[in-house]
Amino acid sequence: MLKVTIGQYYHADSFIHKLDARMKLLCTIIFITVLFFVGNFLGYALAALYLAIVIKISKVPPRFLFRGLRAIFFIIIFTTFLNIFFTQVGNVVLEIGFIRITDVGLVNAARMGTRLVMLIIGSSILTLTTTPIQLTDAIEFGLKPFKKIGVPAHEIAMMMTIALRFIPTLVEEMDKIMKAQMARGADFDTGGIIKKARSLVPLLVPLFISSFRRADDLALAMEARCYRGDIGRTRMKQMKLKTRDFQALGFLALFIAFVVALEYLANIWGIW
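Worth saying up front: this structure is predicted, and the values here are computed from it rather than measured.

### Overview of the confidence of the model for the protein
On average, residues of the protein score 81 in pLDDT, and 91% of them reach the 70 mark or higher. Element-level mean pLDDT values for the protein span from 71 in helix α9 (residues 193-199) up to 92 in helix α1 (residues 15-18).

Below is the structure:
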C-alpha cells in the first residue's frame with residue numbers, strides 16, 4: 001500500500017490541506033503545464049525547490065511521497081532509455097556497433113526523467129492533501145462550462161475520483177491474491193521476463209472479478225442511498241475562496257515569473 005501514493009489521502013493539519021480544492025487543482029494543472037515548457041536545468045532546479053517548499057508546508061512525509069515513484073520506476077527508466085538511444089543529433093559520446101549515444105540524447109533523457117518525476121510528485125501532492133469528495137467537487141466545478149454542450153460534468157468528475165480512489169484498493173487486493181497464491185506454491189520471482197509476465201496472468205482473472213464485484217457493490221450502495229447524480233444535489237460544505245487561496249496562487253505566479261526569467265537568461269547565455 002505504501003508504494004502507491006496516487007489516490008491516497010494523508011490526513012494532516014497544514015496550509016495546503018486547508019486550501020480550496022479548486023485552487024489546488026488549478027495550481028497543479030498550471031505547474032504541470034509549466035514543466036513542459038521548461039527547457040533548461042536551472043528551471044528544473046527552481047521547480048524542484050518549489051516542490052520542496054510545498055512538500056514542507058503540506059507536512060506529508062517525503063519518504064511516503066517519494067516511495068510512490070517505485071510504481072512508475074520502470075516507465076521512467078524506459079522513457080529515459082528511449083531518449084538516449086533514439087536521439088541521433090549532437091556530438092557522439094559513445095558508439096558501440098549500432099548503438100550511438102549523443103550528448104543531446106543524454107540531455108533530453110535527463111530532462112524527460114526529471115519532468116516525469118516532478119509530474120508524479122506534483123499530482124501526488126494534490127491527491128494526498130485533498131479528500132475524494134473535495135476533489136470531485138473541484139473537477140465538477142472545472143467542467144461546469146461544458147454542461148452547456150451536453151457534457152455530464154458531475155458523472156465524469158465522479159468517475160475520475162472513484163478511479164483515483166480505487167488505485168490503492170486494487171493494489172491491496174492484488175497483494176492479497178499474490179500472497180494467497182504464493183502460499184499455494186505459486187512462484188512469481190524466478191525465471192526471465194517472459195516467465196514472470198506469464199505468472200501474472202493467474203492474478204488478473206481474480207483481480208478483474210474482484211473489481212467488478214466491488215463496482216457492483218458500490219453501485220448498489222449508491223442506489224440504496226438514493227443517489228441520482230447531479231439532479232437536485234446539494235452540498236453540506238460550500239466551496240469558498242479565501243485569502244490563503246490567493247496567497248498560494250500568488251506564490252505559484254512568482255515561481256512562473258522566475259521560470260520565465262531563467263528561460264530568457266538561459267537562451268542568452270546558451271545554457272542547456
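Let us keep going from here.
### Points about the packing of aromatic side chains
Under the counting rule described, the total for this entry stands at 6 aromatic pairs. Both rings, one in Y50 and one in F255, keep their centres 4.7 Å apart while their planes meet at 20°; by these two values the pair is stacked. Taken together, the residues span a long stretch of sequence, with Y50 in helix α3 (residues 41-58) and F255 in helix α11 (residues 243-269) at a distance of 205 residues. F255 matches Y50 in its accessibility class, with the two residues each being buried. Across the ring face of F141, the terminal group of R22 is positioned such that the distance to the ring centre comes to 4.8 Å.

### Description of the packing of helix α8 (residues 153-183) against helix α10 (residues 201-224)
Packing of α8 against α10 brings their axes to within 10 Å, and their N-to-C directions diverge by 135°. It follows from the interaxial angle that α8 and α10 lie oblique. Crossing geometry of α8 relative to α10 is assigned as right-handed. Taking contact as the criterion, the partners of I162, F166, T169, L170, E173, M174, I177, M178 and Q181 in α8 are, on α10, P202, L203, P206, L207, S210, S211, R214 and L218.

Conventions we followed
- Residues numbered from 1 in each chain as written.
- Predicted model: local features only at pLDDT ≥ 70, side-chain atom pairs only at ≥ 80, totals over all residues.
- Heavy atoms only, no water.
- pLDDT = per-residue confidence, 0-100.
- Helix = DSSP H or I, 4+ residues; strand = E, 2+ residues; numbered from the N terminus.
- Phe/Tyr/Trp six-rings, centres within 6.5 Å; stacked < 30°, edge-to-face > 60°.
- Buried < 20%, exposed > 50% of the residue type's maximum accessible area, 1.4 Å probe, protein only.
- Lys NZ or Arg CZ within 6 Å of the ring centre and 35° of its normal.
- Axes fitted to C-alpha atoms, helices over the stretch in contact; angles between N-to-C directions.
- Parallel < 35°, antiparallel > 145°, perpendicular 65-115°, else oblique.
- Left-handed = near helix turned anticlockwise from the far one by under 90°.
- Contact = heavy atoms within 4.5 Å.

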